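As a plain string of letters, each chain reads:
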Amino acid sequence: MAIPKIVPDFRVIRDENLCINCQACCRVCSNDTHSFDQNIAKIISDHRKCVGCHFCEEICSTGALTIEKCYSQIRENFNWNEVDFKNLMKQAHSGGILLTGMGNDRPWINYFDHIVLNASQVTNPSIDPLREPMEIKTFIGRKPDSIEQLKKEKKLPILLETEIPVLFSAMSYGSISLNACKSIAAAAWEAKTYWNTGEGGLPESLKKFVSRTIVQVASGRFGVDARYLNEASAIEIKIGQGAKPGIGGHLPGEKVTADISAARKIPEGTDAISPAPHHDIYSIEDLKQLIYALKETVDYKKPVGVKVAAVHNIAPIVSGIVRAGADFVTIDGFRGGTGAAPVVIRNNVGIPIEIAIATVDSRLRQEGIRNHASIIAAGGIRSSADVVKAIALGADAVYIGTATLVALGCHICQKCYTGKCNWGIATQDPYLTRRLNPEIGKRRLTNLLRAWALEIKEMMGGMGINAIESLRGNRDQLRGIGLNDKELALLGIKHAGDAW
Amino acid sequence: MNRTDYLIIGNSVCGVNAIEGIREYDPKGEILVLSDEPFENYSRPLISYYLGGKISQQQTRFRDESFYSDMKAQLLVNNPAVFLDCRNHEIKVSKGRKIRYKKLLIATGAKPWIPAIDGFANHLEGIFTFYSMNDAISLAQYIQSLNPHNCVILGAGLIGLKAAEGLLMRKIPVTIVEMADRILPNTMDVKGSEIFQSYLVRHNSAFMKNDTIVKIESKDKRIKRVILKSGKKIETECLIVAVGVRPNTSIVAESSILVKRGIIVDNKLNTSVPDIFAAGDVTESPDFFENKHALIPIWPVAAKTGKIAGANMTGQEISYTGLYPMNSIQIFGLPAISFGITNPQPQNFEILEKYQPENNFYRKCVLRDDRIVGCILIGNINRAGIYNLLIREKISVAAFKKDLLEESFGFLMLPKEVRKHIVVGESMEV
Amino acid sequence: MVKNSKRKTINTIIAREEFCIGCRLCEIACITAHSKTKNIIKAFKGEYPLPDSAIVFEEKGHISFALQCRHCDDALCVECCITGAMTKKDGKVIYRKELCVGCWMCVMVCSFGVISPDITASKIKSKCDFCLETGKPACVEICPNEALVLKEDNEQD
Ligand SMILES: Cc1cc2nc3c(=O)[nH]c(=O)nc-3n(C[C@H](O)[C@H](O)[C@H](O)COP(=O)(O)OP(=O)(O)OC[C@H]3O[C@@H](n4cnc5c(N)ncnc54)[C@H](O)[C@@H]3O)c2cc1C
Ligand code: SF4
Ligand code: SF4
């Protein structure tokens, strides 16, 4: 078969004045982009193999390498952009569904970038977080309707307590390496927040972090048994994922190593297939049954939540989930990441998380059941500002996935599905997994959370708010820029310039 | 009368290490060192390099000039100890002076052994031993003035070959006479001997094996000819006797200290008499492999036992776990290292070996119960110390036997737990 | 009696094979640190001959690690060196090339096999000096994955 004639995505620019032929790049590239040519005593790079992970560029000790976008331009055409053109070429060659990793990268509007925060001036004082106490501790789970009710029932609600309203989102062992899981779990432990096993089960070596662990029950039921559920801090039923709503998952048998099979509790070498639906859930009632089955199993001692993708009818869906007894609902927006998804689904299905949070929060308030469950927003949180905006729009906390991986080294090359992640994250290849030293990973993630906590407090202080509780759903602190009336209405915010 | 806290007899490697051993634990106590040689400090193995003209006499030092003052140790050269009075803790020095000690270390080393040969007389010119700096200086002077056309060396052990190398570097052809059927009989196995022999022959030396000198003929008080047992006659004006060394135990001869072939010491380097330690070539020390005492006259043993004896003289209780023979030989650019039992009776041992004549590569491992007890490396000595470690730590090699003979042998061939134990220092159940 | 105060806490460079990514930058850093200019580009582009790296790199399949001298407490190489070329200075084992005669006693006894002989030159190829000049071993500084780390060796007694 003829080699596909596709213009490369990247160009490897090697400054010969700086390259000392140490060949570190040749040794580290998992795509065999660089090779040393004995005859000419030079390193040759094959642009077509480069996926733009930038590992070589970062490791090169003389700075001789730059990975650039390949500017080979097809004739400019408004309807035919480069991505669509190349994807079509690839499919004409392979005849298959195109796969990708990470979240939706299309230039859909990002509402976070069209929202600005308020700050106190004269009419109320701002607060200096260095001098005054500032509370960002967050409780996740069903809250009592009133103090009276609490007094009457004489039983404290079952809540997750996190020092920062940022949790690590579900990324399974299998889709990412054990070293990545270790980094995340250890950081969650250190920063007193939570991490989520994803649907890959809980590997034995991470059990020591179990009291900071949310375990998932997904359609494949991997790794699920009574012990798994009872050991965890909370349980999350996974219905959908923002990157591929309505689509299941498939970990090919060759990736089901001994360790992964042990964590997932399936035979080694068998395909790990997560069906698109839960075959026992065809209605809200079925979901309710599962929620209560799990609650029974853990003797009502752990919160049970449900994770869904943000889709068109998200507000009524979440309302149903809350009424079905979920203690928290995770909503994953369409920019949420994945280890593998069809390009066409990832790029075209679902709605933005900002809109989803706002409409869900409004709906639950309207129905008077907002306190029955916490909302955790996921999919596209990149910074502490996104966290503050998400909470002000109505979320209780956020999950970070892609941001977590970027802190661990990920350069969002979107090749997670190939298993050749040069950063040792989305891979099980022993040559590559060693590249992520969990000690470093843990340090970097704890640093990230510390930095965000400081920034969140700064922003809150500026608004004159000293407790994260007072920020939640406080949309008056937000203003839109460049949004139309419908968008503003859905987000429940005013336009910049509109006063009280 | 002089007194000192620590008295050391012998100022070679063992004595020097004892000084360091003492100073590691006792920065103040007085140290006095007696030497019957005239030099402040020299390294015995370097005399062949000196003979060959590779280094000057000054360069035969193995400690810096400031060593004795840095260590606050007083050294008396040309001061042989002549009598030991254990009961009174006293040593008599040649000039009649007495020195009282609190702790004594006997590090008098060894002396070359000269077999009885017809016609041999001390006053004859042209007959040398090759053990001390003085030996090397007189030999060098003799050669310089006489320019002999050849030299006969009796004994093809390490010292004999080192002397041969020195002479060959001075372009003097040598004939080596050896009683055994091969050279380096104690260090090498048959194959190793062969490799070295063919190598040396290419460098202008001749061998007479299974033979020895039975008669020395002289003229004008100078050696003229040697006659071998085989009847062969060799005209020569220069003979070096290098048939081995014997522990230099004369100082304890009249004392109650237990001596067999060497002074017997326990694993703390105590002799049979309290407050008297002995170490180095003069001793028979605990053997590494078997529960017995052994004579191992090599530098590493002298250094290790000297250091431990020094420490124990200050009151430490450090145990010496015993060593085994180990030698590094490089003759005309061919390096070789051997450890332990290299040439055993095969019944109780497993022997692995590999020989590649193209590059003079030879490697042999002698195993007992899956542990290495001996080893020879010729040609490629990279990472030899790892074999030493495997022997010393008695690590089972069952899992990686096939890799032991690889040129690229390294830690990667060891099982992961063992490797991590060594490389990272993680604890391991052994 | 306590040990002489000269024996301070020393640092050892430890190689953790599970994190070594096989890039061999440690060797490049070692060479640079011991070059004339100490500048990676000037050294590699303009210096001849370049010093050897003092690191012994082992690699097989996906496992690799970089070993360097451990500056042992009771260093056998120092004990066994017949010339005093291997010597202890400030707790570090320092090699003085000019004194070395190439007897390979150190090669024979170093348990880590990190002394590589240069047979033709009758000298050691390169000996780790713990980057005494800067005080921070260059290999540890550059290791991108902290596979090489300093371990504090505290007094045992
Ligand atoms: C040419 C040559 C090459 C060698 N090469 C090697 C080699 O490559 N590797 C190796 O491992 N070994 C080698 N050896 C052997 C090694 O040198 C000895 O094992 C080592 O020197 C022993 O040290 P020692 O301190 O116990 O004894 P010695 O070195 O024998 O020193 C004893 C000292 O005590 C002095 N002394 C003796 N009696 C008295 C007294 N009554 N009063 C005062 N002083 C006294 C002696 O004069 C001598 O100076 C070699 C030896 C020779 C001669
Ligand atoms: S060279 Fe080897 S024996 Fe010497 S100090 Fe370094 S690791 Fe120890
Ligand atoms: S090879 Fe050099 S440094 Fe090593 S022991 Fe011999 S003289 Fe000393």
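What counts as what
Residues numbered from 1 in each chain as written. Chains lettered and ligands numbered in written order. Predicted model: local features only at pLDDT ≥ 70, side-chain atom pairs only at ≥ 80, totals over all residues. Heavy atoms only, no water. Pairing = 2+ DSSP bridges. Helix = DSSP H or I, 4+ residues; strand = E, 2+ residues; numbered from the N terminus. Domains from an automatic or database assignment. Contact = heavy atoms within 4.5 Å. Buried area = accessible area lost by both parts, 1.4 Å probe. Salt bridge = Lys/Arg side-chain N within 4 Å of Asp/Glu carboxyl O. Polar contact = N/O pair within 3.5 Å; in protein donor to acceptor, adjacent residues only side chain to side chain. Axes fitted to C-alpha atoms, helices over the stretch in contact; angles between N-to-C directions. Buried < 20%, exposed > 50% of the residue type's maximum accessible area, 1.4 Å probe, protein only. Near = heavy atom within 4 Å. Areas by Shrake-Rupley, 256 points an atom, 1.4 Å probe, with all protein chains shown as cover. Nonpolar A, V, L, I, M, F, W, Y, C, P; charged D, E, K, R; others polar.

1. Regarding the pairing of strand β13 (residues 222–228) of chain B
Residues and elements named next belong to chain B.
- Judged from the 6 bridges that link them, strand β12 (residues 213–219) and β13 form a sheet pairing that is antiparallel. Residue S218 lies in a different strand from β13, and its bridge partner there is I223.
- Between β12 and the antiparallel strand that follows it, β13, lie 2 residues; D220 among them carries a positive phi value of about 50°.
- Inspection of the sheet shows β13 paired to strand β14 (residues 233–235) by 3 bridges, in the antiparallel sense. Bridge pairing in β14 places V226 opposite I234.
- What sits between β13 and β14 in their antiparallel hairpin is a turn of 4 residues, with G231 showing a positive phi close to 100°.

2. So, the domain arrangement of chain C
Residues and elements named next belong to chain C.
- What the domain assignment lists for chain C is domain 1 (9–68 + 128–157) and domain 2 (72–127).
- Relative placement of domain 1 and domain 2: their C-alpha centres are 18 Å apart.
- Contacts between domain 1 and domain 2 engage 12 residues on the former and 11 residues on the latter.
- The contact between domain 1 and domain 2 buries some 1000 Å² in all, and 62% of this surface belongs to carbon and sulfur atoms.
- Connecting domain 1 to domain 2 are 0 salt bridges.
- The interface formed by domain 1 and domain 2 contains 3 residue pairs in polar contact (both at pLDDT 80 or more).

3. So, the interface of chain C and chain A
- Contacts between the two partners involve 23 residues from chain C, matched on the other side by 23 residues from chain A.
- Here chain C and chain A share an interface that buries about 1900 Å² over both sides, 59% of which is from carbon and sulfur atoms.
- Summed over the shared surface of chain C and chain A, the number is 2 salt bridges.
- Salt-bridge contacts for R443(A) lead to E146(C); the nearest nitrogen and oxygen are separated by 2.6 Å.
- Between chain C and chain A we count 10 residue pairs in polar contact (both at pLDDT 80 or more) in total.
- Of all the elements in the fold, those that place two or more residues in the side of chain C that touches chain A are α1 (25–33), α2 (40–46) and β3 (63–67) of chain C.

4. Observations concerning the sheet that holds β13(B)
Residue and element names in this part refer to chain B.
- A sheet is described by the order of its strands in space; here 3 strands give the open sequence β12-β13-β14, paired in antiparallel fashion. Edge positions in the sheet fall to β12 and β14, since each has one partner strand and no second. When strand polarity is set aside, the average angle formed by the axes of neighbouring strands in this sheet is 25°.

5. Section: the pairing of strand β11 (residues 205–208) of chain B
- Sheet analysis places strand β10 (residues 174–177) of chain B next to β11(B), joined by 4 bridges and oriented parallel. Residue pairing in the sheet places V174(B) in a bridge with S205(B) of β11(B).

6. What to know about the environment of I31(B)
Residues and elements named next belong to chain B.
- Turning to its location among the elements, I31 is positioned in strand β2 (residues 31–34).
- We classify I31 as buried; its relative accessible area is 4%.
- I31 has contacts with T4, Y6, I8, I19, I22, R23, K72, A73 and Q74, leaving out every residue within four places of it along the chain.

7. A few points about the sheet that holds strand β23 (residues 350–356) of chain B
Residue and element names in this part refer to chain B.
- Pairing is antiparallel across the open sheet formed by 5 strands, whose spatial order is β21-β22-β25-β24-β23. Looking at which strands have only one partner, the edges of the open sheet turn out to be β21 (326–331) and β23. Across the sheet, the mean angle separating the axes of adjacent strands is 10° when strand polarity is ignored.
- Its contacts with the sheet put helix α8 (residues 384–392) on β21, β22 (334–340), β24 (361–368) and β25 (371–378), and the angle it makes with β25 is roughly 165°.

8. Thoughts on the site of ligand 1
- In the vicinity of ligand 1, 30 residues are found, and the nearest of them are S12(B), D36(B), E37(B), R44(B) and W299(B).
- Surrounding ligand 1 are residues belonging to chains B and C, so the site spans chains.
- One nitrogen or oxygen atom from the side chain of D36(B) is found 2.4 Å from an oxygen atom belonging to ligand 1.
- Contact distances for ligand 1 include 3.4 Å between an oxygen atom and a backbone N or O atom of P297(B).
- Here ligand 1, which alone exposes 990 Å², has 93% of that area covered by the protein.
- For the shell around ligand 1, the secondary structure elements donating two or more residues are α1 (13–25) and α7 (299–313) of chain B.
- Looking at the shell around ligand 1 element by element, the count peaks at 3 residues for α7(B).
- When the residues that make up the shell around ligand 1 are grouped by side-chain class, the tally is 19 nonpolar, 7 polar and 4 charged.

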